[in-house]
Amino acid sequence: MSTEKKVTVITGATGGIGFQVAKRLGKEGYTVVLNGIEDEAGTQRVKELTSEGITAEYFGFDVTDEEAVNSNINKIGEKYGKIDALINNAGGLGGRSRFEEMTTEFYRGVMALNLDSTFFVSRASIPFLKKGESASIINYTSIAGWNAGGPGAGIYGTSKAAVHAITRALAKDLAEYGIRVNAVSPGTIDTPFHTQIKSTKPEVFASWKNNILLGRLGQPEEVASVISFLVSDDASFLTAETIQVGGGQGLGI
Amino acid sequence: MGRLKGKIAVVTGGSRDIGRAISIKLASEGCKVVVNYLNSESGAKETVEEIKSMGQEAIAVKADVSDLNDIGALKEKVATAFGNKIDILVNNAGGLFARKTLQEFDEAFYDLVLNVNFKSTVFVSQAFEPLMGKGSAIINISSQAARDGGGGGSALYSSSKGAVTTFTRAMAKELGPKGIRVNAVCPGLIGTKFHDDFTKDEVRQKVAAGTPLRREGAAAEVADLVAYLASDEASFITGNNIDINGGLAFS
């Protein structure tokens, strides 16, 4: 069954940037499918969206688990008939480790969290994106994908560089179906991902702020607005592109 | 949509092609628009008429934006029409003029190309920045040529656009603390008079076929991106050079 409303699937959407993207696209009339691994938070988030008149549903599954991704994306696709906007938002630092001490498990974990997840979810979604209307995929890369990340974040940076490349590769591969694939590269955004360091290492936090031309952290809503633009028809000639949302932090990239 | 309601925009080279599309798009979002032109008076008038038919205000102002006296006069006319404040500056004026190889171009041609594409961007920014406050935005029109060196015989054009790209980053740094965002867009092959004049049909067809989206872009699609960058929706985006090329150039 195909629905008239546009459908978006947002991974890792129970908090931070992902939830703001859900809210933004929901307000624009999308039916929102949130993914996460914290079921209680997911249910709560759906309630919040529903109370604002947004049609939303939560699917709890681990985006690094191939089988779980395939079965859940199939369920979503069959239920809604199509996917118009896939937002591969799930990802993370996965901890810090220097190379000498780095376990293979840690390495694989970080790559899985950022790269496998993007690959698994995108691949499973393609049949449903093909049924979408001006469908597109949004991936998340990072300044770390260019500068290879801060101390102990080398594999995070490496995984994000891979996301940068897979964005272009997917764009090339899916262009013939009219599916656009772009990425956003959030800088230092006011989410727990970054702000937890405010209390533990205030000097590091201050140094971040000093590197941002606009002199402040970004808000999750300011990433959501970029994604809203990229999935819209206003961005109809944009594909394979990465947009830095860092208040000038990614200058030179 | 009205994202730019009540804002004042200056678009250099706003009489045709991408500049015209930008002028019209900004007006459709609620801007009062200054449509600058040099040669195409009729194009500028048509652009202004189209904007007025949408119920928005616009004026056409003739000025050679590579000439400092003309820039001064442009600024005065903007102030007279809309007051001493602008919110959006689009440095769109530019041109390729002719395809010439290293052994073909002379100093006068060098000056022409660099002045129209780069000097104009620098000195129009210098003139209008004092009229811009927190939350305002400058958008420079660079080019895919800035990324890849350009097509045959366009070394000076592509280099001038490379300068625009670098200037964009430098201005983002300098003006960021004042709350002025500075970004550039780098259009690839867009269906415009620019390419009607300077790019052979077979080259255009080849480039379009090699573009992932399998077509040329439209001026209106570039205008959509510029309007987005000009709006508060892009409030955390500065110093970017955004490629809009259907996926062609992986810069």
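Residues numbered from 1 in each chain as written. Chains lettered and ligands numbered in written order. Predicted model: local features only at pLDDT ≥ 70, side-chain atom pairs only at ≥ 80, totals over all residues. Heavy atoms only, no water.

- An unreviewed UniProt entry annotates chain B as 3-oxoacyl-ACP reductase FabG originating from Flagellimonas allohymeniacidonis.
- For the record of chain B, the UniProt heading Sequence similarities (unreviewed entry) holds the text "Belongs to the short-chain dehydrogenases/reductases (SDR) family." (UniProt positions renumbered as here; feature names shortened; annotations may be inferred.)

- Identification of chain A as SDR family oxidoreductase from Flagellimonas allohymeniacidonis is taken from an unreviewed UniProt entry.
- Word for word, the UniProt comment on chain A under Sequence similarities (unreviewed entry) is "Belongs to the short-chain dehydrogenases/reductases (SDR) family."

**Digging into the packing of helix α4 (residues 104-129) of chain A against helix α6 (residues 154-174) of chain A**
All names here are of chain A.
Step number 1: Where α4 meets α6, the axes come as close as 8 Å, and the angle between the chain directions of the two elements is 15°. Taken together, the axes of α4 and α6 are roughly parallel relative to one another. Read as a crossing pair, α4 and α6 show a hand that is right-handed. Residue-level inspection shows Y107, V110, M111, N114, L115, T118, F119, S122 and I126 of α4 in contact with α6, the latter providing I155, Y156, S159, K160, A162, V163, I166, L170 and L174.
Step number 2: Grouping the amino acids of the contact of α4 with α6 by side-chain chemistry returns 13 nonpolar, 4 polar and 1 charged. (Axes fitted to C-alpha atoms, helices over the stretch in contact; angles between N-to-C directions. Helix = DSSP H or I, 4+ residues; strand = E, 2+ residues; numbered from the N terminus. Parallel < 35°, antiparallel > 145°, perpendicular 65-115°, else oblique. Left-handed = near helix turned anticlockwise from the far one by under 90°. Contact = heavy atoms within 4.5 Å. Nonpolar A, V, L, I, M, F, W, Y, C, P; charged D, E, K, R; others polar.)

**Notes on helix α2 (residues 39-51) of chain A**
Spacing of three or four residues puts side chains on the same side of an α-helix, whose turn is 3.6 residues.
All names here are of chain A.
Step number 1: The terminal C-alpha atoms of α2 lie 18 Å apart, and with 13 residues this matches the ideal 18 Å at 1.5 Å per residue to within 8%.
Step number 2: Within the span of α2, buried status applies to G42, V46 and L49. Take α2 and look down its axis: the buried residues cluster within an arc of 65°, on one side only. Exposed residues on α2 whose side chains face more than 90 degrees from its buried face are E40, K47 and S51.
Step number 3: Those residues of α2 hidden inside the fold are in contact with α1 (16-27), β2 (31-36) and β3 (56-60). (Expected span 1.5 Å × (residues − 1). Buried < 20%, exposed > 50% of the residue type's maximum accessible area, 1.4 Å probe, protein only. Arc of directions from axis to C-beta.)

**So, the sheet that holds strand β7 (residues 241-244) of chain B**
All names here are of chain B.
Step number 1: Spatially, the 7 strands line up as an open sheet ordered β3-β2-β1-β4-β5-β6-β7, and their pairing is parallel. The open sheet terminates on both sides in strands that have one partner only, identified here as β3 (58-62) and β7. Each strand axis lies, on average, 20° off the axis of its neighbour in the sheet, ignoring direction.
Step number 2: The pairing of strand β1 (residues 8-11) with strand β2 (residues 32-37) spans 4 bridges and is classified as parallel. Each residue of the ladder has a partner; that of V11, found in β2, is V35.
Step number 3: Across the sheet, helix α1 (residues 17-28) is in contact with β1, β2, β4 (88-91), β5 (137-141) and β6 (181-187); its angle to β1 comes to roughly 175°. (Pairing = 2+ DSSP bridges.)

**Quick notes on the interface of chain B and chain A**
Step number 1: Listed as interface residues are 36 residues of chain B and, on the opposing side, 35 residues of chain A.
Step number 2: Between chain B and chain A lies a buried interface of about 2,900 Å² when both sides are counted; carbon and sulfur atoms form 63% of it.
Step number 3: In this assembly, chain B and chain A are joined by 2 salt bridges.
Step number 4: A salt bridge links B:E233 to A:R24; its shortest N-O distance comes to 2.4 Å.
Step number 5: Inspection of the region where chain B meets chain A yields 14 residue pairs in polar contact (both at pLDDT 80 or more).
Step number 6: Listing elements by their share of the side of chain B that touches chain A, those giving two or more residues are α6 (155-175), α9 (219-230) and β7 of chain B.
Step number 7: Tallied by class, the residues present in the side of chain B that touches chain A amount to 14 nonpolar, 11 polar and 11 charged. (Buried area = accessible area lost by both parts, 1.4 Å probe. Salt bridge = Lys/Arg side-chain N within 4 Å of Asp/Glu carboxyl O. Polar contact = N/O pair within 3.5 Å; in protein donor to acceptor, adjacent residues only side chain to side chain.)

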